[in-house]
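# Examination of the molecular architecture
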Amino acid sequence: MVEIKDEKKANFYQISNKFLDVVRNPYCIAVYNCLIFFSTHKKTYPSIEVLAYKCGISHPTVNKALKILEEKNLIKVVRRNKQGKKRTNVGNIYFINEISNH
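Since we're looking at a predicted model, the values are computed, not measured.

So, on to the packing of aromatic side chains. Under the criterion given, the structure shown has two aromatic pairs. Ring geometry for Phe 19 and Tyr 32: centres 4.4 Å apart, planes at 20 degrees, overall stacked. Residue Phe 19 is located in helix H1 (residues 19-22), and its partner Tyr 32 is located in helix H2 (residues 26-38); the two are separated by 13 residues in the primary sequence. Accessibility classification places Phe 19 together with Tyr 32 in one group, the buried group. Plain terms: the ring middles of Phe 37 and Phe 38 are 5.1 Å apart, the flat faces sit at 75 degrees to each other, and that makes the pair edge-to-face. Residue Phe 37 is classed as partly exposed on the basis of its relative accessible area, which comes to 49%. The class for Phe 38 is partly exposed, based on a relative accessible area of 28%.

Turning our attention to the environment of Phe 19. Phe 19 gets classed as buried once you look at its relative accessible area, which sits at 3%. It is 6.8 Å that separates the C-alpha atoms of Phe 19 and Ile 99, two residues lying 80 residues apart in sequence. Leaving out residues up to four positions away in the same chain, Phe 19 has contacts with Ile 29, Tyr 32, Leu 74 and Ile 99.

Let's shift gears to the pairing of strand E5 (residues 93-96). Pairing analysis gives two bridges linking strand E3 (residues 43-44) to E5, with the strands arranged antiparallel. Across the sheet, the residue bridging to Lys 43 is Phe 95, located in E5. Judged from the four bridges that link them, strand E4 (residues 75-78) and E5 form a sheet pairing that is antiparallel. Bridge assignment links Lys 76 to a residue of E5, and that residue is Phe 95.

Moving on, we get to the nonpolar core. Core analysis: the largest hydrophobic core is formed by 24 residues, its most contacted members being Val 31, Tyr 32, Leu 66 and Ile 75. Mapped onto this core, the elements with two or more residues apiece are H1, H2, helix H3 (48-55), helix H4 (59-71), E4 and E5. For this core, the leading source of residues is H2, giving six residues. When near neighbours in sequence (up to four residues on either side) are disregarded, Ile 75 contacts Tyr 32, Leu 35, Leu 66, Leu 69, Glu 70, Tyr 94, Phe 95, Ile 96 and Asn 97.

Over its 13 residues, H4 extends 18 Å from the first C-alpha to the last, a length consistent with the 18 Å expected when each residue adds 1.5 Å. Three or more residues of H4 are buried, namely Val 62, Ala 65, Leu 66 and Leu 69. Each buried residue of H4 sits inside an arc of 100 degrees when the element is viewed along its axis, so together they form one side. Of the exposed residues in H4, those oriented more than 90 degrees away from the buried face are Lys 64, Lys 67 and Glu 71. Positive phi appears at Asn 73, one or two residues downstream of H4, with a value of about 60 degrees.

Conventions used here
Residues numbered from 1 in each chain as written. Predicted model: local features only at pLDDT ≥ 70, side-chain atom pairs only at ≥ 80, totals over all residues. Heavy atoms only, no water. Phe/Tyr/Trp six-rings, centres within 6.5 Å; stacked < 30°, edge-to-face > 60°. Helix = DSSP H or I, 4+ residues; strand = E, 2+ residues; numbered from the N terminus. Buried < 20%, exposed > 50% of the residue type's maximum accessible area, 1.4 Å probe, protein only. Contact = heavy atoms within 4.5 Å. Pairing = 2+ DSSP bridges. Core = buried A, V, L, I, M, F, W, Y, C linked by side-chain atoms within 4.5 Å. Expected span 1.5 Å × (residues − 1). Arc of directions from axis to C-beta.

Below, the structure written as structure tokens:
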């Protein structure tokens, strides 16, 4: 279970201990924490650029971490395209899923 404090003045959130049983990759942990940091009601919109900057990692590493988190069903990614372009990462919506007993 992920408990996210929506009151930003609280300055904290809690993640279930089960999370580390599911994910051991440090980049996934960093990206997941950033997603939660930016989230409101378990939904968030940060760009790949923002995630890379906040986590101190490259864009390809962010993309790999997002793919792993999605494969482990920890997040759901809704990919949205910009008009006139093929796929872009700008505008993606990330939903934080509950951590189940794996």
